[in-house]
Amino acid sequence: MGRHRDQTVEGVDPHLNVQVHEAAPGTTGPHRPVILLHGFASSAKLNWEDAGWITALTQAGRRVVTVDLPGHGGSPAPEEMDAYSPSRIRADLLQLILNAHVRPLKDDDDSTGVDLIGYSLGARLAWEFGATQPELVRRIVLGGPGAHDPLADFDLPAAQRYLADGSEIADPSTAELLRMAQLVPGNNVFALLTMIEAIKTEPFVPSEAVPRMPVLLVAGERDELAQTAPELAKLAPRAELQWLPARTHANAVTSRVFKTAAIDFLAG
């Protein structure tokens, strides 16, 4: 599947780059798809394909759907800020699921509903989507999650000054996020800044909408952005938390232990 341009709901027209990867021949697993949501300034290819997730999941018999967020990977980079807001992205994701004719969850029918795996920003989106669409989401895996969104504290004016004339950025977190965004070839940095601006208008407040389905939270022990993961685990009534020894926010997603834990959890 390429860019999705089917019938839309309530004016939502995602135009997001969506790829479907079928289960490996000869494998058996639940028929419901696994939807993968990548992190900020990354892409489905970087987060999931290059890190071995698609191979691991399809070899486990799962059908995998990857989505590039707006301004990322193969998806368009709209000029309007609304296209990048978390609520709009969740609406786009719901539209994609409806267009794929996914049926609401039904007991003992593994072709109904979806499973979600999100990393970093994708974890925030998966948390909120699961909380608001319980009839569709069976299980959720959150990688590198935190109770606070680091993008909310991003110093936009400082980043804009840096891009304009090279002025030094005083806030180390802002400087590091911008450095990461610029490292990825082909990234539209101005689109990414628009996404940050949109996210600032919708701060992450996990207690306002809590997923009630089983949730697995996985984070590196050295991941500074995920040190508040236990706060999320306490909020969700059916949550499990697993730490990855010696892993950071940058490399936890490549962990074989992470992949195995996610596959086993989703099979439960």
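Whatever comes next refers back to the structure up there.
Residues numbered from 1 in each chain as written. Predicted model: local features only at pLDDT ≥ 70, side-chain atom pairs only at ≥ 80, totals over all residues. Heavy atoms only, no water.

Draft legend 1. Up close: the side chain of Arg32. Turning to its location among the elements, Arg32 is positioned in the loop between strand S1 (18-21) and strand S2 (34-37). For Arg32, which is buried and forms no salt bridge, the nearest opposite charge comes from Asp115, at a distance of 4.7 Å. One polar contact links the side chain of Arg32 to the main-chain carbonyl oxygen of Asp109, over a distance of 3.3 Å. Apart from residues lying up to four places away in sequence, Arg32 is in contact with Arg62, Arg63, Leu105, Asp109, Asp110, Ser111, Thr112, Gly113, Val114, Asp115 and Arg138. (Helix = DSSP H or I, 4+ residues; strand = E, 2+ residues; numbered from the N terminus. Buried < 20%, exposed > 50% of the residue type's maximum accessible area, 1.4 Å probe, protein only. Lys, Arg positive; Asp, Glu negative; His and termini not counted. Salt bridge = Lys/Arg side-chain N within 4 Å of Asp/Glu carboxyl O. Polar contact = N/O pair within 3.5 Å; in protein donor to acceptor, adjacent residues only side chain to side chain. Contact = heavy atoms within 4.5 Å.)

Draft legend 2. A look at the layout of surface pockets. In this model, the largest pocket occupies a volume close to 930 Å³. In terms of lining residues, the largest pocket is bounded by 37 residues, among which Ser120, Met180, Leu225, His249 and Ala250 are the most central. Elements that contribute at least two residues to the lining of the largest pocket include exactly helix H1 (44-49), helix H4 (121-132) and helix H6 (172-183). Element by element, the count of residues in the lining of the largest pocket is highest for H6, at 7 residues. A per-class count over the lining of the largest pocket returns 20 nonpolar, 10 polar and 7 charged. (1 Å grid on protein atoms, 1.4 Å probe; cavity = no way out; pocket = protein on both sides within 12 Å on 5 of 7 lines; lining within 4 Å. Points joined across faces, edges and corners; volume = space filled by probe spheres on them. Nonpolar A, V, L, I, M, F, W, Y, C, P; charged D, E, K, R; others polar.)

Draft legend 3. Main features of the sheet that holds strand S6 (residues 215-220). One open sheet holds the 7 strands; their spatial order is S1-S3-S2-S4-S5-S6-S7, and the pairing between them is mixed. Only two strands of the sheet have a single neighbouring strand rather than two, namely S1 and strand S7 (239-244). Between one strand axis and the next, the sheet turns through 15° on average, direction left out of account. The pairing of S1 with strand S3 (residues 64-67) spans 4 bridges and is classified as antiparallel. Bridging across to S3, His21 finds its partner in Val64. Against the sheet, helix H3 (residues 86-99) touches S1, S2, S3 and strand S4 (114-119), its axis set at about 155° to S2. (Pairing = 2+ DSSP bridges. Axes fitted to C-alpha atoms, helices over the stretch in contact; angles between N-to-C directions.)

Draft legend 4. Main features of the side chain of Thr194. Structurally, the position occupied by Thr194 is in helix H7 (residues 189-201). A relative accessible area of 16% means that Thr194 is categorised as buried. Excluding residues that lie within four positions of it along the chain, Thr194 makes contacts with Glu79, Met81 and Tyr84.

Draft legend 5. Summary view of unusual backbone geometry. Positive phi, close to 60°, is recorded for His101, a residue that is not glycine. Within the secondary structure layout, His101 lies in the loop between H3 and S4. Residue classification places His101 among the exposed positions, given a relative accessible area of 68%. In this model, Ala246 sits at a positive phi of 70°, which is unusual for a non-glycine residue. Within the secondary structure, Ala246 sits in the loop between S7 and helix H9 (256-266).

Draft legend 6. Just the pattern of salt bridges, in detail. For the structure on display, the rule yields 10 salt bridges. The partner of Glu176 in a salt bridge is Arg179, with the nearest N and O atoms 2.7 Å apart. In this pair, Glu176 and Arg179 both sit in helix H6, 3 residues apart, roughly one turn of the helix. The network of salt bridges with common partners includes Arg90, Arg124, Glu128 and Asp149.

Draft legend 7. Up close: the packing of aromatic side chains. Counted according to the given criterion, the structure contains 3 aromatic pairs. Seen from their ring centres, Trp48 and Trp53 are 5.5 Å apart, and the 85° between their planes marks the pair as edge-to-face. When the ring of Tyr119 is compared with that of Phe258, the centres are 6.5 Å apart and the planes differ by 45°; the resulting orientation is tilted. Of the two residues, Tyr119 is situated in strand S4 and Phe258 in helix H9; the sequence distance between them amounts to 139 residues. (Phe/Tyr/Trp six-rings, centres within 6.5 Å; stacked < 30°, edge-to-face > 60°.)

Everything listed here is a matter of geometry and, on its own, says nothing about what the molecule does.
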